[in-house]
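Working through the structure, step by step
Take a look at the letters that make up each chain.
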Amino acid sequence: MFPAMVRCLASVALISALGTTLGCSGSQKPKPSTDDADDPDGPHRVAVEAQLAPYLSHEVFSGVVIGLYDGGKREIYGFGAGPGGKQPTGQTLFEIGSVTKVYTNILLADAVQRREVTLDTPVADLLPTGVTVPTQDRVPITLKHLALHSSGLPRLPPSIDANEAADPYAAFGEDAL
């Protein structure tokens, strides 16, 4: 477990450093793009590949997708082997496991800073009509409870048996959620 986290954190640090190393401008906000295709011959590909080569050759990670936004142009490059052994693209889905919690809480902190929510916002207030949320000791579950893992909710839904299959979440879609 620990080596996987180190690999993931190394990937996050590498991706953060790449933007600075490659001289990508961060002053403009990205605009939504209708072009979802990777650009295998983009202007920063060789530089990105040079930065990643040691990580791939030393198997720090097996595959990675790097996205850059520079001067109004989006570049997406995939390197190594992704899920299924194929070279990853901007459309490749990676399972990132527990580090998802870090990203989710960063997004929560951002929403709190923008005053879109507070940590004391009840989760029930944010869900569609008809979706119910249990309470913990008759107290509504808040975003703070979720962030601190103190909501009292079970780690997994009762319908999922983590020991049953190689991917226990494969059949657990939005309707099941």
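The structure this text deals with has already been given above.
First, a word on what this report is: a plain description of the structure on this page.

What counts, and at which threshold
- Residues numbered from 1 in each chain as written.
- Predicted model: local features only at pLDDT ≥ 70, side-chain atom pairs only at ≥ 80, totals over all residues.
- Heavy atoms only, no water.
- Helix = DSSP H or I, 4+ residues; strand = E, 2+ residues; numbered from the N terminus.
- Buried < 20%, exposed > 50% of the residue type's maximum accessible area, 1.4 Å probe, protein only.
- Areas by Shrake-Rupley, 256 points an atom, 1.4 Å probe, with all protein chains shown as cover.
- Contact = heavy atoms within 4.5 Å.
- Phe/Tyr/Trp six-rings, centres within 6.5 Å; stacked < 30°, edge-to-face > 60°.
- Pairing = 2+ DSSP bridges.
- Expected span 1.5 Å × (residues − 1).
- Salt bridge = Lys/Arg side-chain N within 4 Å of Asp/Glu carboxyl O.
- Lys, Arg positive; Asp, Glu negative; His and termini not counted.
- Polar contact = N/O pair within 3.5 Å; in protein donor to acceptor, adjacent residues only side chain to side chain.

Glancing now at the overall build of the protein. From N to C terminus, the protein includes four helices and four strands. In the protein, which comprises 177 residues, the proportion classed as buried is 21%. Taken as a whole, the protein presents about 12800 Å² of accessible surface, with 57% of it coming from carbon and sulfur.

Further remarks concern the environment of Ala111. Here Ala111 shows up in helix 3 (residues 100-113). If we skip the residues at most four places from it in the chain, Ala111 touches Glu116 and Val117.

What follows concerns the packing of aromatic side chains. Scanning the entire structure with this criterion turns up two aromatic pairs. Ring centres of Tyr55 and Phe61 lie 5.8 Å apart, and the angle between their planes is 5°; on these two criteria the pair is classed as stacked. Given a relative accessible area of 29%, Tyr55 falls into the partly exposed group. Assessed through its relative accessible area of 7%, Phe61 is described here as buried. Ring geometry for Tyr77 versus Phe79: centroids 6.4 Å apart, planes at 45°, classification tilted. Take Tyr77: its relative accessible area is 0%, and that puts it in the buried class.

The next thing to look at is the pairing of strand 1 (residues 63-70). As paired elements, strand 1 and strand 2 (residues 73-80) share eight bridges and run antiparallel to each other. In the strand pairing of strand 2, Tyr69 is matched with Arg74. The turn linking strand 1 back onto strand 2 is made up of two residues, and Gly71 within it adopts a positive phi angle of 55°.

On to helix 3, then. The terminal C-alpha atoms of helix 3 lie 20 Å apart, and with 14 residues this matches the ideal 20 Å at 1.5 Å per residue to within 8%. Residue Arg115 follows helix 3 closely and has a positive phi angle near 60°.

What follows is about the pattern of salt bridges. Scanning the model with the defined rule gives two salt bridges in all. Arg114 is the partner of Asp110 in a salt bridge, and the nearest nitrogen-oxygen pair spans 2.5 Å. Since its relative accessible area comes to 33%, Asp110 is described here as partly exposed. Note on Arg114: relative accessible area 45%, which makes it partly exposed.

This part takes up the side chain of Glu75. Relative to the elements of secondary structure, Glu75 occurs in strand 2. Of the side chains with opposite charge, Lys73 comes closest to the buried, unpaired Glu75, at an N-O distance of 8.6 Å. A polar side-chain atom of Glu75 sits 2.7 Å from a polar atom in the side chain of His44. Residues within four places of Glu75 in sequence aside, it is in contact with Gly42, Pro43, His44, Ile66, Gly67, Leu68 and Asp70.

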